[in-house]
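Okay, here's what each chain looks like letter by letter:
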Amino acid sequence: MDNGLPISIVIFGASGDLTRRKLVPALFQQRVKGQIPNSINIVGTSRSEFSHDEFRQQMFEGMVELSGIVPDENDWDEFSQDLWYVPGDIGQEADYEKLEQFLGEKEGGPANRLYYLATAPRFFPVIVKELGKQGMATDGDRWSRVVIEKPFGHNLESAVELDEIVHAAFNEHQVYRIDHYMGKETAQNILYFRFLNTIFEPIWNRNYIDHVQITVAESVDVEHRAGYYDNAGVVRDMFPNHFLQLFTLLAMEPPAAFDADAVRNEKVKVLMAIRPIQVEDTVRAQYEGYGQGEGVAENSQTPTYAAMKLYVDNWRWQGVPFYLRSGKALAEKTSQIVIVFKEPPHLLFDLPADYHLTPNFLSLCIQPDEGIHLRFETKVPGASQETKSVDMEFHYPATFGGESLPDAYERLLIDVLNGDPSLFTRSDEIERAWSIVDPVLEAWESSPNAPSLGLYRKGSWGPPGAEAFIARDERVWRLGCGDHAG
Ligand code: BG6
């Protein structure tokens, strides 16, 4: 962070949800914790006309309402003195000049710049181009970095195109493609869990693991985001980014060192080993009433739920299916990875005829109820041969205290300020991710074997087809965290 120069953080899309829900609260928290210096100016910009004070008030209200933080008044007063707002139209060159002038006045000399693109994705190219054209992207004695929100492109082709535009203005070392799942402590802990312990890694392979399930379920529906979501759908919104990040951490080979390139090389390698997904191995569905939502196109076929099965063609994972599912308006909010181990080869106990063994499974609870659970079978005390599935559990709050888990954006913003790209996505990773999901999206449009768009009740666990889909392989969806433990 420290080359001694002042820092300005410029947020494009400052009147949007992300800024008040995540970015400003994360910066505020880090400032209170003393992780970022007092001299940082945070400048929001968007088309709406606000005064500095109106912007500050909005950020304050948004933070209290949406992030649940109750700020200490003095802390907020101090923080908000460095919060500014400059109205501007992303498409107008003159507005970049105004912005530059404002920044120059505040900085009073050479300064580092962090540009955060929190706008709708369609504006990313124009902002990046203008920053380049106006000389605002220069990097040398001072640094300038750009953070680009997801989705990075709409498919492989547009991601490559966007990358070219970005690279015309910024060098790769200045570019931070953010996926907030990588900022989650529980996601980062997957690597620590795997590579700081010796007991699990020997069984982390096809010899012991029957299959893996990754569930990212949300109880909220599309809310007011239909403008974006109706074009994106659940796959673009969740799969090439959050899912594949969790997948790579879980499935990658151990990197030689924990540095940005070594880790990202391994992530790309395992992505390259994913076998093309068959359209028959997918499910898509929409929750009832989605079509009546504000901003949703008439007869919209946008899926709000998807499940798919993928295989990894490498030595470790050959033949082990990974089942992924995600949806909006589901029964509960939970992100978890369940690793289901193989059943014992021979049952030597005198168990009842209708006995059905629950396999051992390890649940990595990403959120909420962050922690790790290990399910195993145990004998019920007494003379009978009854058994029960029980859990060994680790919960972050119980071990590290209630406030132990900072929001993902806090960590990621600090990493950008420190110039550490380890938890950010490299362009080859993004391109690989799109080339995994693009064929599924194309097949849904054109293949005669494509599953039809199912419907599901809000508050359910998805369409009946999703149960049938996994039942075909004589397996069931499993949850191992929160109320589902034990
Ligand atoms: C965002 C998606 O990237 O992730 C949203 O655009 C989704 O649709 C959100 O709700 C989920 O994030 P989290 O951290 O709440 O699981």
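See above for the structure.
Criteria and thresholds
- Residues numbered from 1 in each chain as written.
- Predicted model: local features only at pLDDT ≥ 70, side-chain atom pairs only at ≥ 80, totals over all residues.
- Heavy atoms only, no water.
- Helix = DSSP H or I, 4+ residues; strand = E, 2+ residues; numbered from the N terminus.
- Contact = heavy atoms within 4.5 Å.
- Areas by Shrake-Rupley, 256 points an atom, 1.4 Å probe, with all protein chains shown as cover.
- Lys, Arg positive; Asp, Glu negative; His and termini not counted.
- Charge placed at Lys NZ, Arg CZ, Asp CG, Glu CD.
- Near = heavy atom within 4 Å.
- Polar contact = N/O pair within 3.5 Å; in protein donor to acceptor, adjacent residues only side chain to side chain.
- Nonpolar A, V, L, I, M, F, W, Y, C, P; charged D, E, K, R; others polar.
- Phe/Tyr/Trp six-rings, centres within 6.5 Å; stacked < 30°, edge-to-face > 60°.
- Buried < 20%, exposed > 50% of the residue type's maximum accessible area, 1.4 Å probe, protein only.
- Lys NZ or Arg CZ within 6 Å of the ring centre and 35° of its normal.
- Salt bridge = Lys/Arg side-chain N within 4 Å of Asp/Glu carboxyl O.
- Pairing = 2+ DSSP bridges.
- Axes fitted to C-alpha atoms, helices over the stretch in contact; angles between N-to-C directions.
- Right-handed = clockwise from strand over helix to strand, strands pointing away.
- Core = buried A, V, L, I, M, F, W, Y, C linked by side-chain atoms within 4.5 Å.

A.B. asks: So what exactly am I meant to see when it comes to the overall build of the protein here?
C.D. replies: Counting its secondary structure elements, the protein contains 13 helices and 15 strands. On the principal axes, the C-alpha backbone points of the protein span a range of 80 × 50 × 40 Å. For the protein, contacts bridging at least 24 residues in sequence account for 77% of all contacts bridging at least 6. For the protein, the exposed surface amounts to about 21,500 Å²; the carbon and sulfur share of it is 50%. Distance from the positive charge centre (44 side chains) to the negative charge centre (73 side chains) of the protein: 4 Å.

A.B. asks: Please explain the site of the ligand as it appears in this structure.
C.D. replies: In the vicinity of the ligand, the contacting residues are Lys-150, His-180, Tyr-181, Lys-184, Glu-218, Arg-225, Asp-237, His-242, Lys-328, Lys-333 and Gln-367. Tyr-181 has a polar side-chain atom sitting 2.6 Å from an oxygen atom of the ligand. The side chain of Arg-225 places a nitrogen or oxygen atom 2.8 Å from an oxygen atom of the ligand. Look at the ligand: alone it shows 400 Å² of surface, and the protein chains cover 82% of it. Its residues assigned to classes, the shell around the ligand shows one nonpolar, three polar and seven charged.

A.B. asks: Mind showing me how you'd approach the packing of aromatic side chains here?
C.D. replies: The relative placement of two aromatic rings is captured by the distance of their centres and the angle of their planes. Tallying each qualifying case throughout the model produces 25 aromatic pairs. Between Phe-394 and Phe-400, the aromatic rings sit 6.3 Å apart at their centres with planes inclined by 90°, giving edge-to-face as the arrangement. For Phe-394, a relative accessible area of 23% puts it in the partly exposed group. With relative accessibility at 53%, the residue Phe-400 sits in the exposed group. A network of ring pairs unites the aromatic residues Phe-28, Phe-60, Trp-76 and Phe-79 as a single cluster. Geometry around Trp-84 places Lys-106 over its ring, the cationic atom sitting 4.3 Å from the centre.

A.B. asks: For this particular structure, what's the right way to read the side chain of Asp-438?
C.D. replies: As for its placement among the helices and strands, Asp-438 is situated in helix α12 (residues 427-446). No salt bridge forms around the buried Asp-438; measuring N to O, its nearest opposite-charge neighbour Arg-236 is 5.6 Å away. Here the side chain of Asp-438 touches Leu-156 through a polar contact of 2.8 Å, landing on its backbone nitrogen. When sequence neighbours within four positions are dropped, the list of residues in contact with Asp-438 reads Asn-155 and Leu-156.

A.B. asks: Hey, could you run me through the sheet that holds strand β5 (residues 144-148) in this one?
C.D. replies: Hydrogen bonds along the backbone pair up the strands of a sheet, which may run parallel or antiparallel. As summarised here, the arrangement of the six strands in space is β3-β2-β1-β4-β5-β6, forming an open sheet in which the pairing is parallel. Each end of this open sheet is capped by a strand with a single partner; those strands are β3 (83-85) and β6 (175-177). In this sheet, neighbouring strand axes are inclined to one another by 20° on average, regardless of whether the strands run parallel or antiparallel. In the sheet, strand β2 (residues 41-45) pairs with β3 via three bridges, with the strands oriented parallel. Residue pairing in the sheet places Val-43 in a bridge with Trp-84 of β3. Each of β1 (7-12), β2 and β4 (112-117) touches helix α1 (residues 17-32); the most contacted strand, β1, lies at about 165° to it. Across the sheet, helix α5 (residues 124-133) is in contact with β1, β4 and β5; its angle to β4 comes to roughly 160°.

A.B. asks: Sorry if this is basic, but what is going on with the pairing of β2 here?
C.D. replies: The two faces of the sheet receive side chains in turn, since in a regular strand these alternate between them. Counting buried positions along β2 gives five out of five residues, so the element sits mostly inside the fold. On β2, burial covers both faces: Asn-41, Val-43 and Thr-45 on one face and Ile-42 and Gly-44 on the other are all buried. Considered for its hand, the β-α-β crossover made up of β1, α1 and β2 is right-handed.

A.B. asks: Just checking my understanding: could you explain the nonpolar core for this structure?
C.D. replies: General note: in soluble globular proteins, nonpolar side chains tend to be found buried as a group. Ranked by internal contacts, the top residues of the largest apolar core, which has 139 residues, are Tyr-116, Phe-239, Phe-247, Phe-322, Ile-337, Ile-339 and Leu-362. Here this core gets 13 residues from one element, more than from any other, and that element is helix α8 (residues 226-251). Beyond its immediate chain neighbours, meaning those up to four positions away, Phe-247 contacts Ile-214, Val-270, Leu-271, Ile-274, Leu-310, Val-312 and Phe-322.

A.B. asks: Please clarify how the environment of His-224 should be interpreted in this entry.
C.D. replies: On the secondary structure map, His-224 appears in the loop between β7 (209-217) and α8. A sequence separation of 71 residues divides His-224 from Gly-295, and the C-alpha atoms of the two residues are 8.0 Å apart.

A.B. asks: Looking at this structure, I do not really get the sheet that holds strand β11 (residues 334-341). What am I missing?
C.D. replies: Reading across from one edge, β14-β13-β12-β11-β7-β10-β9-β8-β15 is the order of the nine strands in this open sheet, with mixed pairing throughout. Single-partner strands in this sheet number two, and they are β14 (387-395) and β15 (453-456). The mean inter-strand angle of the sheet, taken between neighbouring strand axes irrespective of direction, is 20°. Pairing of β7 with β11 involves eight bridges; the strand directions are antiparallel. In the sheet register, Val-216 faces β11, and the bridge partner there is Ser-335. In this fold helix α7 (residues 185-195) packs onto β11, β12 (361-367) and β13 (371-379), with an angle of close to 145° to the strand it touches most, β12.

A.B. asks: Would you explain helix α11 (residues 408-418) in this entry?
C.D. replies: Note that an α-helix has 3.6 residues per turn; residues three or four places apart therefore point the same way. Within α11, nine of the eleven residues are buried, which leaves it mostly tucked inside the rest of the structure. Of all the residues in α11, the buried ones are Ala-408, Tyr-409, Glu-410, Leu-412, Leu-413, Ile-414, Asp-415, Val-416 and Leu-417. Each element contacted by the buried residues of α11 is listed here: β1, α1, β4, β5 and β6. For α11, the side-chain oxygen to backbone nitrogen distance between the N-cap and Tyr-409 is 3.1 Å, and the N-cap itself is Asp-407. Among the residues trailing α11, Gly-419 stands out with phi positive, at a value near 75°.

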